[in-house]
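The chain contents come next:
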Amino acid sequence: MRNSDIKFLDISHYYMIWENQVEEPSPPNLLEGSTEYSSQTQSKEITFVTAYFNLGKIVKGPFKTFNTQSYYKWMKNYAFMNNNIILFTDVEDLATKFKLERFHFPDHMTRIFLKKQNEFWAFGLKQKIEKIYNQPDYPKWYPNTVMASYSCAMHVKYDLLKKVIKEKLINTKYLAWIDLGYFRGNEKGIFTLQPPQNIKDDHIAFVQIDKFVDMTPKQIMFSNSVFLAGGLFIGRHEYLLLFVEDYKKAVEGLITMNIMNTDQQVLYCMYSPKSPFQPRVPIQRYYSQSRWLWFYLGDICRENSLFSLRNKTKLRDFIASSIFL
């Protein structure tokens, strides 16, 4: 199993990080005066936002299908995740089961919001995206360029992050998106995800999937290319808010160009020199040649918490032994 294979290694040797050639932004004052976001009250932990909206059966490729039951299975792993989690869903039964899975954590660590799809900007794009996908010559990548509601569900991530920030639902320094199905194995012990030791506060942290190839937005969308993984990304609220605003502008711009795909292709377009979009926030990219590359950032976050735990244990043992000297 992927997660159980993690050892106490110095993973800094495995980091391969590239910086995007974007001007470094200065911290915006969008949240100035908010005690919830002041440096005095922020912990350096991560609050995770996730969601599930019922789209029915999802066909992925020629042999895979996912449905609500698939996510019921995967979300059981959140019973072991010792982090603050905010879940948005339109399925009351799933909300109840998710809360029960995490009953052993304090109530404030699990916040659940029942919301309808039509409450969000992303799902309001469905008809426009369907029109694009229904073009006779548009490539069919299941479900990305076939199921408009799936595309909307990928864009809604950014809606939800903005909502969490604007409504001041967190008091941690970092905020992250994590897919509800991010953990696919069977977890067996409590774990915590902490920010990577070398995380840059004025960047958004992503896993890089493939080598960057300079393509036009149309080429990216039509080839279903992926540069950055959208399953988990981390940043500070100030920069995530700017990032989300730029993302939404990119989506609307691409729709105007009569092309669309999922958020991963939009992210590729945002940072392509051949696109008209100029994102204000640079990205910090993590890469590994492991076959579990898609989950690499999560593994780094988990490994960092293990190092912290081991160091605290060593310090405790040292103090204890010193008392009796």
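Basis of the calculations
Residues numbered from 1 in each chain as written. Predicted model: local features only at pLDDT ≥ 70, side-chain atom pairs only at ≥ 80, totals over all residues. Heavy atoms only, no water. 1 Å grid on protein atoms, 1.4 Å probe; cavity = no way out; pocket = protein on both sides within 12 Å on 5 of 7 lines; lining within 4 Å. Points joined across faces, edges and corners; volume = space filled by probe spheres on them. Helix = DSSP H or I, 4+ residues; strand = E, 2+ residues; numbered from the N terminus. Nonpolar A, V, L, I, M, F, W, Y, C, P; charged D, E, K, R; others polar. Phe/Tyr/Trp six-rings, centres within 6.5 Å; stacked < 30°, edge-to-face > 60°. Lys NZ or Arg CZ within 6 Å of the ring centre and 35° of its normal. Buried < 20%, exposed > 50% of the residue type's maximum accessible area, 1.4 Å probe, protein only. Contact = heavy atoms within 4.5 Å. Axes fitted to C-alpha atoms, helices over the stretch in contact; angles between N-to-C directions. Salt bridge = Lys/Arg side-chain N within 4 Å of Asp/Glu carboxyl O.

Structural notes on the layout of surface pockets
Part 1 of the argument: A volume near 1000 Å³ is recorded for the largest pocket.
Part 2 of the argument: Taken together, 38 residues make up the lining of the largest pocket; nearest its centre are Lys60, Tyr150, Met154, Asp179 and Arg184.
Part 3 of the argument: For the lining of the largest pocket, the elements supplying multiple residues, two or more each, are β2 (43-52), β3 (58-60), β4 (64-66), α1 (68-75), α4 (148-166) and α7 (263-270).
Part 4 of the argument: When residues in the lining of the largest pocket are grouped by element, the largest group, 5 residues, is from α4.
Part 5 of the argument: Classifying every residue of the lining of the largest pocket gives 23 nonpolar, 8 polar and 7 charged.

Considering the packing of aromatic side chains
Part 1 of the argument: The full count for this structure, using the stated rule, is 22 aromatic pairs.
Part 2 of the argument: Aromatic pair Tyr133 and Tyr138: ring centres 5.7 Å apart, planes at 35°, arrangement tilted.
Part 3 of the argument: Ring pairing ties together the aromatic residues Tyr78, Phe98, Tyr182, Phe183, Phe191 and Phe295, which thus form one cluster.
Part 4 of the argument: Here the basic side chain of Arg184 rests over the ring of Phe66, its NZ or CZ set 5.7 Å away from the ring centre.

Comments concerning the side chain of Gln264
Part 1 of the argument: In this structure, Gln264 sits in helix α7.
Part 2 of the argument: Residue Gln264 is classed as buried on the basis of its relative accessible area of 15%.
Part 3 of the argument: Not counting the four nearest positions on each side in its chain, Gln264 is found in contact with Val226, Leu228, Ala229, Gly230 and Trp294.

Quick look at the packing of α4 against α7
Part 1 of the argument: One can describe the packing of α4 onto α7 by two numbers: an axis separation of 8 Å at closest approach and a directional angle of 65°. Contacts between α4 and α7 involve Met154, His155, Lys157 and Tyr158 on the former and, on the latter, Asp263, Val266 and Leu267.
Part 2 of the argument: Residues that form the contact of α4 with α7 fall into these classes: 4 nonpolar, 1 polar and 2 charged.

Let's talk about the pattern of salt bridges
Part 1 of the argument: Counted under the stated rule, the structure contains 13 salt bridges.
Part 2 of the argument: Here Asp263 ties to Lys157 by a salt bridge, and the two come within 3.0 Å at their closest N and O atoms. Taken together, the residues span a long stretch of sequence, with Asp263 in helix α7 and Lys157 in helix α4 at a distance of 106 residues.
Part 3 of the argument: Owing to a relative accessible area of 1%, Asp263 belongs among the buried residues under this scheme.
Part 4 of the argument: Residues Arg236 and Glu238 are paired through a salt bridge, measuring 2.4 Å at the closest nitrogen-oxygen approach.
Part 5 of the argument: Residue Arg236 is classed as buried on the basis of its relative accessible area, which comes to 18%.
Part 6 of the argument: On the accessibility criterion, Glu238 (10% relative accessible area) is buried.
Part 7 of the argument: The network of salt bridges with shared partners includes Lys173, Asp201, Arg236 and Glu238.

Some points on unusual backbone geometry
Part 1 of the argument: Residue Pro143 is bonded to the preceding Tyr142 through a cis peptide linkage, with omega at -10°.
Part 2 of the argument: Residue Asn258 is not a glycine yet carries a positive backbone phi of 70°.
Part 3 of the argument: Within the secondary structure layout, Asn258 lies in the loop between α6 (237-256) and α7.

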